[in-house]
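Understanding the architecture of this molecule
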Amino acid sequence: VSLIEKLDLESELWKKMVIPQNEKYPDHFSGIFGFCKPNNVGFVNKFMHDNYVGKPGFELNFFWSGMPNDDGNYILFMLANQPVLDKGSIELTKVNQSSKTPGPEILITFNDPGTRLWSEITKRNIGSSIIITLDNRVLQAPRVMAEITEGKAMITGNFSLQDLNLMKSLIENATLPLDFITVNN
């Protein structure tokens, strides 16, 4: 039984969110549960925590996107897995002006144990997303296209250089958690 089948379809949640209801969603390859306008995020958080988080049969974690999408909605991700990599696996973070993408990027270089683990994780998750969270907010949810053996990860997107420098500072902040979470086992 999927989470969608367990949810009360008459609940207020369905009125505050757009939850795609076709065979692809919630997409078990991307972890996307649904979409929500900024003014409804507080309600959805409270509703999910009061009714589902930590309850028997709902061993899930919910994470919001760090920024709204192009439609002005925040994306709610639903994940059952624990982080597979964390900040302790990172050797270096660097902001670059990319020659391969139109804007700047953050390049994350993993230490030796992190490089080996990253290679295994990407090999096992080809076609699925790996959710990158910072302080329990989704920074990115890239789909793995191939095994990555060189121990690097890039965060790209519609970010300014100032946004990425701030993100780099937050990643390097010792107290904020940075986690890589797989969507599939």
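What comes next is a walk through the structure. For every chain, the first residue of its written sequence is number 1, and the numbers climb from 1 along that sequence. Owing to the predicted nature of the model, reporting of local features is limited to residues with pLDDT of at least 70; listing and counting of side-chain atom pairs is limited to 80 or more, with chain, interface and lining totals taken over all residues. Side-chain calculation: all heavy atoms of the structure are included, whereas hydrogens and water are not.

1. Focus on the side chain of Asn-73
So the rule is basically this: Here a helix means four or more residues in a row that DSSP labels H or I, a strand means two or more in a row labelled E, and each is numbered from the N terminus. Working definition: with a 1.4 Å probe on protein chains only, accessible area under 20% of the residue-type maximum means buried, over 50% means exposed, and in between means partly exposed. By the criterion applied in these results, polar contacts are pairs of N or O atoms within 3.5 Å in which, for protein atoms, one can donate a hydrogen and the other can accept it, and in which residues neighboring in sequence qualify only through two side-chain atoms. Residue contacts follow a heavy-atom distance rule, with two residues in contact if any of their heavy atoms lie within 4.5 Å.
Relative to the helices and strands, Asn-73 is located in the loop between β3 (61–65) and β4 (74–79). Overall, the relative accessible area of 11% leaves Asn-73 in the buried class. A distance of 3.4 Å separates a polar atom in the side chain of Asn-73 from a polar atom in the side chain of Lys-37. Setting aside residues no more than four positions away along its own chain, Asn-73 makes contact with Phe-35, Cys-36, Lys-37 and Pro-68.

2. Describing the pairing of strand β8 (residues 130–134)
Rule in force here: Between any two strands, at least two bridges found by DSSP are needed for them to pair.
The buried count for β8 comes to 5 of 5 residues, which makes it a mostly enclosed element. By the bridge criterion, 5 bridges tie β8 to strand β11 (residues 178–182) in an arrangement that is antiparallel. For Leu-134, the partnering residue across the bridge sits in β11 and is Leu-178. Direction of pairing for β8 relative to strand β9 (residues 137–140): antiparallel, over a ladder of 3 bridges. Counterpart to Thr-133 in the pairing with β9 is Val-138.

3. Re the packing of aromatic side chains
Threshold: Pairs were defined over the aromatic rings of Phe, Tyr and Trp, the Trp ring being its six-membered one, requiring ring centres within 6.5 Å. Orientation was assigned from the angle between planes: stacked under 30 degrees, edge-to-face over 60, tilted for the rest. In our convention, an over-ring charge means Lys NZ or Arg CZ found within 6 Å of a ring centre and within 35 degrees of that ring's normal.
One pass over the full model with this rule turns up 5 aromatic pairs. Between Phe-110 and Trp-118 the ring centres are 5.1 Å apart and the planes differ by 40 degrees, which places this aromatic pair in the tilted class. Look at Phe-110 and you get buried, because its relative accessible area is 3%. Look at Trp-118 and you get buried, because its relative accessible area is 5%. Positioned above the aromatic ring of Phe-43, the side-chain terminus of Lys-16 is 5.4 Å from the ring centre.

4. Here's the deal with the sheet that holds strand β6 (residues 90–97)
Spelled out, the test is: Convention adopted: a line fitted to C-alpha atoms gives each axis, helices being fitted over their contacting stretch, and angles between N-to-C directions are expressed from 0 to 180 degrees.
Judged by pairing direction, the sheet is antiparallel, and its 3 strands sit side by side in the order β6-β7-β10 without closing on themselves. In this open sheet, the two edge strands, each paired with only one partner strand, are β6 and β10 (152–155). On average, each strand axis in the sheet is tilted by 20 degrees relative to the strand beside it, whichever way the strands run. Note: strand β7 (residues 104–110) against β10, 4 bridges, orientation antiparallel. The residue of β10 that forms the bridge with Ile-106 is Ile-155. Those strands touched by helix α5 (residues 161–172) are β6, β7 and β10, and its axis lies near 175 degrees from that of β6.

5. Examining the nonpolar core
Across soluble globular proteins, you tend to see nonpolar side chains buried next to one another. In plain terms, the rule: We define the nonpolar core as a collection of buried residues of types Ala, Val, Leu, Ile, Met, Phe, Trp, Tyr and Cys that are connected through side-chain atoms lying within 4.5 Å of one another.
One finds Ile-106, Ile-108, Phe-110, Ile-155, Leu-178 and Phe-180 to be the most contacted residues of the largest nonpolar core, which totals 22 residues. Where this core is concerned, the elements lending two or more residues are β6, β7, α4 (112–124), β8, β10, α5 and β11. Ranked by size, the runner-up nonpolar core spans 17 residues in total, among them Phe-33, Tyr-74, Leu-76 and Met-78.

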